[in-house]
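# Per-entry structural report
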Amino acid sequence: MTELSRHRPVFHSEADLQHNFARVLWELAPDVHARLEVPQRGSGKTEYLDLQCLGPEGRTAIEFKYFTRSWNGKAGTPVEDYALKAHGATDLARLHFVRDIARLERFCRRPGQNGLALMLSNETSLWAPPDPGRRRTRDHDFRIHHGRRLAGTLLWADGTYEPNTCSLRGTYSLKWETYSEQSGAGGEFRYLAVFVGSSAGGADDATSGQDQGTADVREALKRTDR
């Protein structure tokens, strides 16, 4: 993400983010092959991974979310004009991100497979903790603000809408990182990366996998900065 932000501090769309992430990945690790929109068939239905990375020692599935508020400006190398639209429904953004984590947990039961759920946003309310005095919202269990720990069974509207219930095997500590700083309202971009470890052996090791994955990513960034 550090390398990506040097040339692309803002993206036009989620597809734009996916494409450029894969490009920078190839530049930093040419022995890792990236595949977009890879079908995963099972349980009578087909799901698609945003990005499947095939490396010499295993595979990493990555799910992307690019959620924006309105912002207009110039950024990047070369400089481009951006006109980002406001997506608006932050409750659904949280729901879909948590669902990405749950999907990755299913995929990571396969040997040699781990995953990464990645959200990039300039919507402050996603990373800011809710006001303690605020009325409880229907997406309360799905909050993904900085410092939150996601775990267990998450209920939508206190369980009154069962189709949105989501269960996680692992425990995930959420940490939003600065991505880029642009001028004007909505010019601060941050990202949230959640690593899902492999549990092909049947053990629930998502928490330990997340810790190791975070350490691996930081070490890779250190090597890049050198």
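The structure under discussion appears in the preceding block.
Note that the coordinates shown come from a computational prediction; the quantities given were computed from them, not determined experimentally.

Thresholds applied
Here the residue index of a chain counts from 1 through its sequence in written order. Residue-level local features of this predicted model are given only where pLDDT is at least 70; pairs of side-chain atoms are given and counted only at 80 or more, and the full residue set underlies all totals for whole chains, interfaces and linings. Only heavy atoms go into the side-chain values, all of them from the structure, while hydrogens and water stay out. Here a strand is any run of E in DSSP of at least two residues, a helix any run of H or I of at least four, and the numbering for each starts at the N terminus. Relative accessibility thresholds used throughout: buried, under 20% of the residue-type maximum; exposed, over 50%; partly exposed, between the two (1.4 Å probe, protein chains only). Residue contacts are counted whenever heavy atoms from the two residues lie within 4.5 Å of one another. The Shrake-Rupley method, run with a 1.4 Å probe sphere, supplies the accessible areas, and residue values consider only the shown protein chains as cover. Working definition of a nonpolar core: buried Ala, Val, Leu, Ile, Met, Phe, Trp, Tyr and Cys residues. They are joined through side-chain atoms within 4.5 Å. One less than the number of residues in a helix, times 1.5 Å, gives the span that helix is expected to have.

## Structural notes on the overall build of the protein chain
- Tallying secondary structure elements over the protein chain gives 5 helices and 10 strands in all.
- Buried positions account for 45% of the 226 residues belonging to the protein chain.
- Restricting to contacts in the protein chain with at least 6 residues of sequence separation, those with at least 24 account for 56%.
- Accessible area for the protein chain stands at about 11700 Å²; split by element, carbon and sulfur atoms hold 50% of it.

## Focus: the environment of Pro130
- Structurally, the position occupied by Pro130 is in the loop between α4 (124–127) and β7 (149–154).
- Classification of Pro130 by relative accessible area gives partly exposed; the value is 31%.
- In this structure the C-alpha to C-alpha distance between Pro130 and Arg143, which are 13 residues apart in sequence, comes to 8.5 Å.
- Here Pro130 is in contact with Arg143 and His145, once residues within four sequence places are set aside.

## Quick notes on the nonpolar core
- Among the nonpolar cores identified, the biggest contains 30 residues, and Ile101, Ile144, Leu150 and Leu168 are the most heavily contacted of them.
- Among the elements of the structure, β3 (58–67), α3 (90–107), β6 (113–121), α4, β7, β8 (166–173) and β10 (188–196) are those that each provide at least two residues to this core.
- For this core, the element with the highest residue contribution is α3, accounting for 8 residues.
- Within the second largest apolar cluster, 26 residues are counted, among which are Phe21, Ile62, Tyr82 and Leu116.

## Focus on the environment of Val10
- By secondary structure assignment, the location of Val10 is in the loop between α1 (2–7) and α2 (14–28).
- Classification of Val10 as buried rests on a relative accessible area of 0%.
- Residues Val10 and Leu84, spaced 74 residues apart in sequence, show a C-alpha to C-alpha distance of 9.3 Å.
- The residues contacting Val10, other than those within four sequence positions of it, are Tyr66, Trp71, Ala75, Tyr82, Leu84, Gln182 and Phe189.

## Side note on the environment of Ile62
- Here Ile62 shows up in strand β3.
- Under the relative-accessibility criterion, Ile62 is labelled buried at 4%.
- Separated by 26 residues in the primary sequence, Ile62 and Leu36 place their C-alpha atoms 9.6 Å from one another.
- The residues contacting Ile62, other than those within four sequence positions of it, are Phe21, Asp50, Leu51, Cys53 and Leu116.

## What to know about α3
- The end-to-end C-alpha distance of α3 is 26 Å, a good match for the 26 Å that 18 residues give at a rise of 1.5 Å each.
- The element α3 is extensively covered by neighbouring structure, given that 14 of its 18 residues are classed as buried.

## Considering unusual backbone geometry
- Looking along the chain, the bond that leaves Thr77 and enters Pro78 is cis, with omega of 0°.
- The phi angle at Glu37 is positive, at roughly 50°, despite the residue not being glycine.
- For Glu37, a relative accessible area of 41% corresponds to the partly exposed category.
- Unlike most non-glycine residues, Ala157 shows phi in positive territory, near 55°.
- Topologically, Ala157 is positioned in the loop between β7 and β8.

Function-wise, these values are silent; they only describe arrangement.
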